[in-house]
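Each chain, written out:
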Amino acid sequence: PDDAGAQTADRYEWQAMVATADALSLYFKSLGDDGALNPTADGSLVCEHHEDWALIEGTASEIVSGKHRESSRGPFSTYRQLLDEGGVAHLYQRWVALGRGQSCRLATSGGLGNDGARVSSVCARLRQDPTENDSDVLEVIASVARVLMELDTTTTVTDDDARSFLAALSIQDGLPRRDHLPDMAGRSYGLPVAERLGHPDAAEAVWQAVLSLVRARMRAAGPAL
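In this text the structure is predicted, and so the values were computed from the model without any measurement.

So, about the packing of helix H7 (residues 181–196) against helix H8 (residues 203–217). One way to put it is that H7 packs onto H8 with a least axis distance of 7 Å and a crossing angle of 100°. Judged on the interaxial angle alone, H8 and H7 are roughly perpendicular. Mapping the contact onto sequence places Ala-185, Gly-186, Tyr-189, Gly-190, Leu-191, Val-193 and Ala-194 in H7 and Ala-203, Glu-204, Val-206 and Trp-207 in H8. Across the contact of H7 with H8, the residue classes tally to 8 nonpolar, 2 polar and 1 charged.

Of note, the phi angle at Glu-48 is positive, near 50°, even though the residue is not glycine. For Glu-48, the location among the structural elements is in strand S1 (residues 44–49). At His-50, a position not held by glycine, the phi torsion is positive, near 80°. Residue class for His-50 comes out partly exposed when judged on its relative accessible area of 35%.

As judged from the 5 bridges shared by strand S2 (residues 51–57) and strand S3 (residues 60–67), these two strands associate in the antiparallel manner. Bridge assignment links Trp-53 to a residue of S3, and that residue is Val-64. Where S2 folds back onto S3 in an antiparallel hairpin, the turn is made up of 2 residues, including Gly-58, whose phi is positive at roughly 65°. Here S3 runs beside strand S4 (residues 103–108); their pairing, made up of 6 bridges, is parallel. Bridge assignment links Ile-63 to a residue of S4, and that residue is Cys-104.

To continue, consider the side chain of Glu-51. Structurally, Glu-51 can be placed in strand S2. In this structure, Glu-51 is buried with no salt-bridge partner, the nearest side chain bearing the opposite charge being Arg-94 at 6.3 Å. A distance of 2.6 Å separates the side chain of Glu-51 from the side chain of His-90, its partner in a polar contact. In this structure Glu-51 touches Ile-63, Val-64, Ser-65, His-90, Leu-91 and Arg-94, once residues within four positions along its chain are discounted.

Looking now at the pairing of S1. Every other side chain in a regular strand lies on the same face of the sheet, so the side chains alternate between the two faces. Across 5 bridges, the pairing between S1 and S2 is antiparallel. Within S2, the residue paired with Cys-47 across the bridge is Trp-53. Turn length for the S1-S2 hairpin, with the two strands adjacent in sequence and antiparallel, is 1 residue, and the turn residue His-50 shows positive phi of about 80°.

Let us now look at H8. With 15 residues, H8 extends 22 Å from end C-alpha to end C-alpha; this agrees with the ideal 21 Å at 1.5 Å per step. When we look at burial in H8, the residues that qualify are Ala-203, Val-206, Trp-207, Val-210, Leu-211 and Val-214.

On to the packing of aromatic side chains. Summed over all chains, the structure comprises 4 aromatic pairs. With a centroid separation of 5.8 Å and 35° between ring planes, the pair formed by Tyr-92 and Trp-95 is classed as tilted. With Tyr-92 and Trp-95 both in helix H3 (residues 88–97) and 3 residues apart, the pair spans about one turn of that helix. Trp-95 matches Tyr-92 in its accessibility class, with the two residues each being buried. Taken together, Tyr-92, Trp-95 and Phe-165 form an aromatic cluster joined through their ring pairs.

All right, on to a nonpolar patch on the surface then. Where nonpolar side chains cluster on the molecular surface, the patch consists of Tyr-27, Leu-37 and Leu-197 and spans about 260 Å² of accessible area. Mapped onto the elements of the fold, Tyr-27 is located in helix H1 (residues 4–29). Tyr-27 gets classed as partly exposed once you look at its relative accessible area, which sits at 35%.

Attention shifts here to the sheet that holds strand S5 (residues 169–172). Read across the sheet, 5 strands follow the order S1-S2-S3-S4-S5 without closing on themselves; strand pairing throughout is mixed. Edge positions in the sheet fall to S1 and S5, since each has one partner strand and no second. Between one strand axis and the next, the sheet turns by 25° as a mean value, whatever way the strands run. Along the sheet, helix H6 (residues 159–168) makes contact with S4 and S5, crossing S5 at roughly 45°.

Pairing is possible between side chains of opposite charge, provided their charged atoms come close. Under the criterion given, the structure shown has 16 salt bridges. As a salt-bridge pair, Asp-161 and Arg-100 come within 3.0 Å of each other at their nearest N and O atoms. You can see Asp-161 sitting in helix H6 and its partner Arg-100 sitting in the loop between H3 and S4, a full 61 residues away along the chain. Residue Arg-118 is joined to Glu-139 by a salt bridge in which the shortest nitrogen-to-oxygen separation is 3.3 Å. In this pair, Arg-118 is assigned in helix H4 (residues 114–128) and Glu-139 in helix H5 (residues 135–151), connecting sequence segments 21 residues apart. A cluster of three or more residues bridged by salt bridges with shared partners is formed by Asp-115, Arg-118, Asp-136 and Glu-139.

Reading guide: rules and limits
- Residues numbered from 1 in each chain as written.
- Predicted model: local features only at pLDDT ≥ 70, side-chain atom pairs only at ≥ 80, totals over all residues.
- Heavy atoms only, no water.
- Axes fitted to C-alpha atoms, helices over the stretch in contact; angles between N-to-C directions.
- Helix = DSSP H or I, 4+ residues; strand = E, 2+ residues; numbered from the N terminus.
- Parallel < 35°, antiparallel > 145°, perpendicular 65-115°, else oblique.
- Contact = heavy atoms within 4.5 Å.
- Nonpolar A, V, L, I, M, F, W, Y, C, P; charged D, E, K, R; others polar.
- Buried < 20%, exposed > 50% of the residue type's maximum accessible area, 1.4 Å probe, protein only.
- Pairing = 2+ DSSP bridges.
- Lys, Arg positive; Asp, Glu negative; His and termini not counted.
- Salt bridge = Lys/Arg side-chain N within 4 Å of Asp/Glu carboxyl O.
- Polar contact = N/O pair within 3.5 Å; in protein donor to acceptor, adjacent residues only side chain to side chain.
- Expected span 1.5 Å × (residues − 1).
- Phe/Tyr/Trp six-rings, centres within 6.5 Å; stacked < 30°, edge-to-face > 60°.
- Patch = residues over 30% accessible without salt bridge, like charges linked within 9 Å, V, L, I, M, F, W, Y side chains within 5 Å.
- Areas by Shrake-Rupley, 256 points an atom, 1.4 Å probe, with all protein chains shown as cover.

These results come straight from atomic positions and should not be treated as a statement about function.
Structure below.
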């Protein structure tokens, strides 16, 4: 039996669910302790435009690549795995094309090991201090620049380019996989919103309502608004 098509559909559904979690997080932040919506809240989720989805809050924006990784594939352990299979190289291309002013995030069910973990650590350090300059940071920056150029031989990536990109990048790893996320999503992501709205029993309903909106917009023929 060939279930590759079903597995692919599951991965797209996984992306829609992770984007839904982000949408609910935006909404939660816009609610007061009494459940009233802040009238100045202007957070938005934009699906399948530039990247898998984007989050916009005021003048700040973040583009997100969602990558489901099966447990059989193991963690992202090399620079090439993380940049190519993890979609970070594509994030870099979109970051450059959009003017380098937005933050970027890889959201993945995969884990990080060895050089993959080093990249994540250096990203966090550069967000705190973009001028960080010890030997480990410099080695990761140079390696990322080199692999980006190996993956796209038409582009030139300087160490300064790689440094600025890594300072804008975060990696959200170890997310629940496609066979676990549906069972826990209502409790984990719908419940905080439901409780703030004063209806804790509606956690699953909140989750399903927002998921239905995001799922439609993740499809090529889906509505844009």
